[in-house]
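# Report on the structure
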Amino acid sequence: QVQLIESGGGLVQAGGSLRLSCARSGGTLSDPPMGWFRQAPEKEREFVAAISRGGSRTIVADSVKGRFAISRDNTKNTMYLQMNSLKPEDTAVYYCAARASGLSLRTYTQSSEYGVWGQGTQVTVSS
């Protein structure tokens, strides 16, 4: 069974940077497509970024385009989210997710397309 553990969240001032990590262990699907989502208080979970199995294809939400970048190191079974120029509206719990099956090389942007989720890490951006 795949397990995902996020780390790297914290409190940062507006304009600052953070790098989130998502370590993957277990499971039988090698290097699954993965993604980042976030959920702010009293709001629905929203897509942030996604990356294909090999890392050659990435997509980020318009709200973070030019500020956030997703990457992965399959030798370390770890995915990253580099967040720059953070804004107070980026405050949320950030979740990493992985596909539970399939060998597609595409990216996935819908939360319903992911079968495995991490516990989340809090990111707070102060103004």
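Quick note: structure is the one above.
Residues numbered from 1 in each chain as written. Predicted model: local features only at pLDDT ≥ 70, side-chain atom pairs only at ≥ 80, totals over all residues. Heavy atoms only, no water.

### Observations concerning the state of the cysteines
- Counting across every chain of the model gives one disulfide.
- Sulfur-sulfur distance for the disulfide between Cys 22 and Cys 96 comes to 2.1 Å. Handedness of the Cys 22-Cys 96 disulfide follows from its S-S torsion of about 60°: it is right-handed. Residue Cys 22 is located in strand S3 (residues 18–25), and its partner Cys 96 is located in strand S9 (residues 92–98); the two are separated by 74 residues in the primary sequence. There is no split in this pair, since Cys 22 and Cys 96 are both buried. (Disulfide = S-S within 2.5 Å. Helix = DSSP H or I, 4+ residues; strand = E, 2+ residues; numbered from the N terminus. Buried < 20%, exposed > 50% of the residue type's maximum accessible area, 1.4 Å probe, protein only.)

### As for the packing of aromatic side chains
- Throughout the structure, instances matching the rule amount to five aromatic pairs.
- Ring centres of Phe 37 and Phe 47 lie 5.7 Å apart, and the angle between their planes is 70°; on these two criteria the pair is classed as edge-to-face. Pair noted here: Phe 37 is in strand S4 (residues 34–39) and Phe 47 is in strand S5 (residues 46–51), with a separation of 10 residues, a long-range link. Both residues of the pair, Phe 37 and Phe 47, belong to the buried class.
- A cation over an aromatic ring shows up here: Arg 45 above the ring of Trp 117, its NZ or CZ 4.6 Å from the ring centre. (Phe/Tyr/Trp six-rings, centres within 6.5 Å; stacked < 30°, edge-to-face > 60°. Lys NZ or Arg CZ within 6 Å of the ring centre and 35° of its normal.)

### Here's the deal with the pairing of strand S7 (residues 68–73)
- Side chains Phe 68, Ile 70 and Arg 72 project from S7 onto a buried face, and the interleaved Ala 69, Ser 71 and Asp 73 project onto a face without burial.
- Counting the residues that bridge the hairpin from S7 to strand S8 (residues 78–83) gives four residues, and of these Asn 77 lies at a positive phi of roughly 50°. (Pairing = 2+ DSSP bridges.)

### Details of the nonpolar core
- Counting 33 residues, the largest nonpolar core has Trp 36, Leu 81, Met 83 and Tyr 94 as the members making the most contacts within it.
- Of all the secondary-structure elements, those providing two or more residues to this core are S3, S4, S5, S7, S8, S9 and strand S11 (121–126).
- Among all residues touching Met 83, those that are not within four sequence positions of it are Gly 16, Ser 17, Leu 18, Leu 20, Arg 67, Phe 68, Tyr 94 and Val 123. (Core = buried A, V, L, I, M, F, W, Y, C linked by side-chain atoms within 4.5 Å. Contact = heavy atoms within 4.5 Å.)

### Quick notes on the pairing of strand S1 (residues 3–7)
- Along S1, the buried face is formed by Leu 4 and Glu 6; none of Gln 3, Ile 5 and Ser 7, which line the opposite face, is buried.
- Relative to S3, S1 runs antiparallel, the two sharing five bridges. The residue bridging Gln 3 from the neighbouring strand is Ser 25, located in S3.

### Structural notes on the sheet that holds S1
- Spatial ordering of the open sheet is given by S1-S3-S8-S7, a layout of four strands whose pairing is antiparallel. Unpaired on one side and paired on the other, S1 and S7 mark the two borders of the sheet. Geometrically, the sheet is characterised by an average inter-axis angle of 15° between neighbouring strands, direction not taken into account.
- Across six bridges, the pairing between S3 and S8 is antiparallel. The partner of Arg 19 across the bridge, within S8, is Gln 82. (Axes fitted to C-alpha atoms, helices over the stretch in contact; angles between N-to-C directions.)

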